[in-house]
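Now for the letters of each chain:
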Amino acid sequence: MTSRVDLEAVEKANTAFYEAMERGDFEALSDLWLTGDEGDGVSCVHPGWPVLTGRGEVLRSYALIMANTEYIQFFLTDLKIAVNGDTALVTCTENILSGAPSEEAGELGPLVGQLVVASNLFRRTPSGWQLWSHHASPVLAERAEGDEEDPSETP
C-alpha cells in the first residue's frame, strides 16, 4: 500500500517541476533531475521532438525552451500518481498557455494554448524524489460530429 507521505512528496516534486518552468528557473529545474550515474539514464520527449537522453541533453533542451519562451503557464488536470517502491509515475494533462517574445521590445508576443498529455517518472533519492523521465505528447483536436474535412488537408 502506498503511503500518503509518498504520494504528497511526489506531488510536491511534480508541482516544483512545473513551477520552475513557469518561473524560467533553470537552476531549480536542474535540481529536480537525477544526477551522477543515474543522470546518464534520464530521458525526455517534448511534443514533436525526438527522444532526448542523458542529463546534459535533457537540460540543454530546457535551457533552449526557456530562452525562447517569454511566458508559460501550466494548468494541470487529470492528475494521477502511482508509487511503487522507489519509483513513482505521475500522469496528467498539461493545459499550456504560452507566448514567445514579441518583435516589439518589452512586449509579449501572441499567446497560444496547447493541450498535452504527460507522464513524469520519478525515482526516490537521498535528496528526495527526482525526475527520471518526462514524456509529453500533444492531444489532437477532435472533430465535432458533422464537421466536414477540409479537402486541402487530404493527402
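In this report, the structure presented in the accompanying data block is examined. (Residues numbered from 1 in each chain as written. Predicted model: local features only at pLDDT ≥ 70, side-chain atom pairs only at ≥ 80, totals over all residues. Heavy atoms only, no water.)

**Some points on the overall build of the protein**
(1) Moving on: A count of helical and extended segments in the protein gives 4 helices and 6 strands.
(2) Moving on: Going from N to C terminus, the protein has its helices and strands arranged as α-α-α-β-β-α-β-β-β-β.
(3) Moving on: With 155 residues in all, the protein has 32% of them scored as buried.
(4) Moving on: Taking as baseline every contact in the protein between residues at least 6 positions apart, the subset at least 24 positions apart corresponds to 52%.
(5) Moving on: On the protein, roughly 9,600 Å² of surface is accessible, and the fraction owed to carbon and sulfur atoms is 52%. (Helix = DSSP H or I, 4+ residues; strand = E, 2+ residues; numbered from the N terminus. Buried < 20%, exposed > 50% of the residue type's maximum accessible area, 1.4 Å probe, protein only. Contact = heavy atoms within 4.5 Å. Areas by Shrake-Rupley, 256 points an atom, 1.4 Å probe, with all protein chains shown as cover.)

**Some words on helix H4 (residues 55-67)**
(1) Moving on: Compared with the 18 Å implied by 1.5 Å per residue over 13 residues, the 18 Å span of H4 between its first and last C-alpha is a close match.
(2) Moving on: Every buried residue of H4 is accounted for by Val58, Leu59, Ser61, Tyr62, Ile65 and Met66. Along the axis of H4, the buried positions cluster into a sector of 150 degrees, meaning they face one direction only. Residues of H4 that are exposed and angled more than 90 degrees away from the buried face: Arg60 and Ala67.
(3) Moving on: Close packing links the buried residues of H4 with helix H1 (4-23), helix H2 (26-31), strand E1 (43-45), strand E2 (52-53) and strand E6 (128-138). (Expected span 1.5 Å × (residues − 1). Arc of directions from axis to C-beta.)

**Here's the deal with the packing of aromatic side chains**
(1) Moving on: Taken as a whole and assessed by the stated rule, the structure comprises 5 aromatic pairs.
(2) Moving on: Each ring, one from Phe17 and one from Tyr18, has its centre 4.9 Å from the other, and the planes form 70 degrees; the classification is edge-to-face.
(3) Moving on: Assessed through its relative accessible area of 2%, Phe17 is described here as buried.
(4) Moving on: Through successive ring pairs, a cluster of aromatic residues spans Phe17, Tyr18, Trp33, Tyr62 and Phe74. (Phe/Tyr/Trp six-rings, centres within 6.5 Å; stacked < 30°, edge-to-face > 60°.)

**Considering unusual backbone geometry**
(1) Moving on: Look at Asp78: it is not a glycine, yet its phi comes out positive at around 55 degrees.
(2) Moving on: With respect to the element layout, Asp78 can be found in strand E3 (residues 71-84).

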